[in-house]
Amino acid sequence: MAMTKTADAHSFLQDLEKWLKEPPSRIEFWGGEPLLYFRKLAILVPELDRRFPDAEFCMVTNGSLLTQEILDFIARYDICITVSHDGPGQHLRGEDPFDNPPRASLLKALWNERKTGERMWFSSVLTPGNSDPAALRRWFVEKLNDESVVTSLEGVVATHDDQSLAGPGVWSPEQYGSLKNAVASSFETGEALLIPALRDKARSFMESLLMGTPSSSMGQKCGMDRSDHVAVDLHSNVLTCHNTGANAQHGLGSALAMDDIRLDTSTHWAYRECCSHCPVLQLCGGSCMYLEGEQFAQSCENEYQFGLGVLDGTLRRALGLKLESIEGDIRRPARRKVISIVAQA
Ligand code: SF4
Ligand code: SF4
């Protein structure tokens, strides 16, 4: 990732008017952890607010660097906050701000200030050890002592590197079974309707059936294939998405030469045979568009099993019927075959 200095925030703002032709409706601040760069945010946000008073500001943070100054700043600029936190599975990911009393207190204060009007929620990744969305929501309800807490899902774990392929991103058949059952059951109990990521997936799936929406009208899961979405760093480099950097293969060029930008680092789902034959395409959106090979195959399988759980849950909720099996020309991506060898003593 290209390193930037605090002063780069000023040059970014100067360059912005050379390439941004229309006022944006939404501006998101990402990191790594964006609050590590609070001095840059303190330059960017007031000026962006002055130039684009109608734009919504959003930030995804792990909530570990909050201070009263940052809370005041968030309130002043009405920044919509997503706290990326895996609830009971957070210890597998890193430090838990809820375990640190001063940090927990700031997080709760932020929740109490932002919760009106849905300006804050907690968002988790489903992993083999943390795959029950209803249990995740209950965990946050208890931590915040608030039934109205909004939890969502970043989705099911993707395998973006060899480390996750070696363990945390790989599920056993039993773990997939637990995931599907937990997700489907959450629709029966109604818990899924309190979790925007599940509720919205089910709703758009039902709407697509009702309206007969063709798959050709569907974009990619994260929306970064859309021509009106762009990810840039403070050097005005255009990136495949906010999770990538400009120095490796995901730098697409300079925003100052926007007409030359081509999203040629990724594969749209329409060009993957498995997606075009997938019964949960509408629920998945093609997984991560820049993954290939085994990383894509594993991420696809995780999405597929999650999607089956959502599909089953939607049918249970809407029709009172359980998903038994799916027939048709389903083509799954080839995955590495693993043969376990157990050494005998
Ligand atoms: S589950 Fe796999 S095959 Fe189906 S849409 Fe998602 S990425 Fe494509
Ligand atoms: S391209 Fe992949 S990593 Fe980037 S935002 Fe989309 S899904 Fe996430």
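Residues numbered from 1 in each chain as written. Chains lettered and ligands numbered in written order. Predicted model: local features only at pLDDT ≥ 70, side-chain atom pairs only at ≥ 80, totals over all residues. Heavy atoms only, no water.

*Asks:* Give a description of the overall build of the protein chain that names residues and reports values.
*Replies:* Along its length, the protein chain carries 11 helices and eight strands. The C-alpha atoms of the protein chain give 21 Å as radius of gyration, which agrees with the globular expectation for 345 residues (20 Å, within 12%). Buried positions account for 48% of the 345 residues belonging to the protein chain. Sequence-distant contacts in the protein chain: of pairs separated by 6 or more residues, those separated by 24 or more amount to 68%. In the protein chain, the 34 positive side-chain charges and the 46 negative ones have mean positions that sit 1 Å from each other. (Helix = DSSP H or I, 4+ residues; strand = E, 2+ residues; numbered from the N terminus. Rg over C-alpha atoms; globule rule 2.2 N^0.38 Å. Buried < 20%, exposed > 50% of the residue type's maximum accessible area, 1.4 Å probe, protein only. Contact = heavy atoms within 4.5 Å. Lys, Arg positive; Asp, Glu negative; His and termini not counted. Charge placed at Lys NZ, Arg CZ, Asp CG, Glu CD.)

*Asks:* How would you explain the packing of aromatic side chains if you had to name every residue and give the values?
*Replies:* As enumerated under the stated definition, the model contains nine aromatic pairs in all. For the ring pair F29 and F57, a centre distance of 6.0 Å and an interplane angle of 40° mean the geometry is tilted. Of this pair, F29 sits in strand β1 (residues 26–29) while F57 sits in strand β2 (residues 56–61), placing them 28 residues apart in sequence. For F57, a relative accessible area of 2% corresponds to the buried category. Here the aromatic rings of W139 and F140 are separated by 5.1 Å at their centres, their planes lie at 85°, and the arrangement is edge-to-face. Side by side, W139 and F140 carry an identical accessibility label, which is buried. An aromatic cluster of three or more residues is present, and its members are F98, W111, F122, W139 and F140. Cation over ring: R272 sits above F296, and NZ or CZ is 3.7 Å from the ring centre. (Phe/Tyr/Trp six-rings, centres within 6.5 Å; stacked < 30°, edge-to-face > 60°. Lys NZ or Arg CZ within 6 Å of the ring centre and 35° of its normal.)

*Asks:* Let's hear about the sheet that holds strand β5 (residues 151–156): which residues, and what values?
*Replies:* Read from one edge to the other, the open sheet built from five strands follows the order β1-β2-β3-β4-β5, with strand pairing classed as parallel. Sheet topology places β1 and β5 at the edges, where each strand pairs with a single neighbour. When strand polarity is set aside, the average angle formed by the axes of neighbouring strands in this sheet is 25°. Where β2 lies against strand β3 (residues 80–84), four bridges are found, and the strand directions are parallel. Bridge pairing links C58 to C80 in β3. Running over the sheet, helix α2 (residues 38–51) touches β1 and β2 and is turned about 175° from β1. (Pairing = 2+ DSSP bridges. Axes fitted to C-alpha atoms, helices over the stretch in contact; angles between N-to-C directions.)

*Asks:* Can you lay out the environment of E324 for me, pointing to particular residues and giving the numbers?
*Replies:* Position of E324 among the secondary structure elements: in the segment after α11 (293–319). Remark: the alpha-carbon pair of E324 and S84, spanning 240 residues in sequence, is separated by 34 Å.

*Asks:* Tell me what's going on with the side chain of H250, and back it up with residues and numbers.
*Replies:* Within the secondary structure layout, H250 lies in the loop between β7 (237–239) and β8 (251–254). We classify H250 as buried; its relative accessible area is 8%. Looking at H250, its side chain comes within polar contact range of the side chain of T240, at 2.6 Å. Excluding residues that lie within four positions of it along the chain, H250 makes contacts with V238, L239, T240, T244, G245, T265 and Y290. (Polar contact = N/O pair within 3.5 Å; in protein donor to acceptor, adjacent residues only side chain to side chain.)

*Asks:* Residues and numbers for unusual backbone geometry, please.
*Replies:* Cis geometry marks the peptide bond from G31 to G32; its omega dihedral reads 5°. With respect to the helices and strands, G32 occurs in the loop between β1 and α2. Positive phi, normally seen in glycine, also occurs at S236, with a value near 65°. Relative to the helices and strands, S236 is located in the loop between β6 (231–232) and β7. Among the residues examined, S236 registers a relative accessible area of 1% and is labelled buried.

*Asks:* Give a detailed account of the site of ligand 1, specifying residues and quantitative values.
*Replies:* With respect to spatial proximity, the complete set of residues near ligand 1 consists of C274, C275, C278, L281, C284, G286, S287, F296, C300, Y304 and R332. Within the residue set of the shell around ligand 1, elements represented by two or more residues are α9 (273–276), α10 (281–284) and α11. No other element matches the three residues that α11 contributes to the shell around ligand 1. The residue makeup of the shell around ligand 1, split by class, is eight nonpolar, two polar and one charged. (Near = heavy atom within 4 Å. Nonpolar A, V, L, I, M, F, W, Y, C, P; charged D, E, K, R; others polar.)

*Asks:* Tell me about the pattern of salt bridges, residues and numbers included.
*Replies:* Tallying each qualifying case throughout the model produces 27 salt bridges. Ionic pairing is found between E301 and R332, a salt bridge with its closest N-O pair at 2.9 Å. Highlighted residues: E301 in helix α11 and R332 in the segment after α11, separated in sequence by 31 residues. By relative accessible area, which is 12% here, E301 ends up buried. Here R332 falls in the partly exposed class, since its relative accessible area comes to 28%. (Salt bridge = Lys/Arg side-chain N within 4 Å of Asp/Glu carboxyl O.)

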